[in-house]
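The residues making up each chain are set out below.
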Amino acid sequence: MKLEPNSFYHVFNRGNNKRRIFFNESNYLSFIDKMKIHLCPVADVIAYCLMPNHFHLVLKTPFYVPDPGLNTLKSPFKISHAFKIILSSHAKRINNQEGFTGSLFQQNTKAKVLHDWTNNFDYLEMCIHYLHNNPVKAGLVTSPVHWPYSSYLEYNGLSTSKLVNIDLAKTCI
C-alpha cells in the first residue's frame, strides 16, 4: 500500500472469497485494540467501520520530513507495516479459532486517496457518512447508533474508545 504524506485515505479490505473476518464480539474488540496499538502511533484514524466480512477506515497520513536519524517520527511508510501486523495477527487468531487455513483477507488492502480534501471537505464527510451507515445499508441494524464496531459512537460522545482523532476529524468536516 503506497501512501503519500499529509493525505486522507479510505482504506478497506474484505475476507477472502467474501468470507467473514469477524465471528464474535471479541474478534471486533481485538481488531480495534490492534489498531490502537499499531496504527494510531503512525496515522490519525478519522473514522472506521468493522463489518462481518470487511472493514473500512478513513486515515490521515502524517506530514513527513525525511530524516533518517528520527526513528520515532510518524511516517506514511510505517502505515503499511502496521497493517501487515494487524491483518496477519487477526488472520492467525481467526484461523486458530475457526479451524481455517490459508488467507483470511483478500490480497492487497486498498487505499483510495480522498483527493479534494484540501479545497472541499464534502467528499471526506460523505465517505465518513458512508462508513457509519454501512451497517444500516447491510441490514444489520436500523440506525448507526446500534452498531458498536464503528466510530459513529465516538463522533456522538457515546464511546470512550479513543481510537479516532475526533479533534482532527471535526476540523475537517
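A quick note: this is a predicted structure, and the numbers were derived from the prediction, not measured. (Residues numbered from 1 in each chain as written. Predicted model: local features only at pLDDT ≥ 70, side-chain atom pairs only at ≥ 80, totals over all residues. Heavy atoms only, no water.)

Re the packing of aromatic side chains
- Using the criterion set out here, one finds 9 aromatic pairs in the structure.
- Centroid distance Y28 to W147: 6.0 Å. Interplanar angle 90°. Geometry classified as edge-to-face. With a gap of 119 residues between them, Y28 in helix α1 (residues 25–39) and W147 in the loop between α3 (122–137) and α4 (152–155) connect regions that are remote in the sequence. There is no split in this pair, since Y28 and W147 are both buried.
- Relative to F55, the ring of F31 has its centre 5.4 Å away and its plane inclined at 45°; by these criteria the two rings are tilted. You can see F31 sitting in helix α1 and its partner F55 sitting in strand β3 (residues 54–60), a full 24 residues away along the chain. Both residues of the pair, F31 and F55, belong to the buried class.
- Within the aromatic cluster, the residues linked to one another by ring pairs are F22, Y28, F31, F55, F83, F105, W147 and Y149. (Phe/Tyr/Trp six-rings, centres within 6.5 Å; stacked < 30°, edge-to-face > 60°. Helix = DSSP H or I, 4+ residues; strand = E, 2+ residues; numbered from the N terminus. Buried < 20%, exposed > 50% of the residue type's maximum accessible area, 1.4 Å probe, protein only.)

With respect to the layout of surface pockets
- Estimates place the volume of the largest pocket at around 290 Å³.
- The wall of the largest pocket is formed by 15 residues, among which N13, L87, Q106, N108 and T109 lie closest to the centre.
- Within the lining of the largest pocket, the residues separate by chemical class into 6 nonpolar, 8 polar and 1 charged. (1 Å grid on protein atoms, 1.4 Å probe; cavity = no way out; pocket = protein on both sides within 12 Å on 5 of 7 lines; lining within 4 Å. Points joined across faces, edges and corners; volume = space filled by probe spheres on them. Nonpolar A, V, L, I, M, F, W, Y, C, P; charged D, E, K, R; others polar.)

Observations concerning the pairing of strand β2 (residues 44–51)
- Burial within β2 is extensive, with 8 of its 8 residues counted as buried.
- Looking at chain direction, β2 and β3 are connected through 7 bridges and run antiparallel. Pairing of Y48 across the sheet is with L57, part of β3.
- The hairpin formed by β2 and β3 contains 2 residues between the paired strands. (Pairing = 2+ DSSP bridges.)

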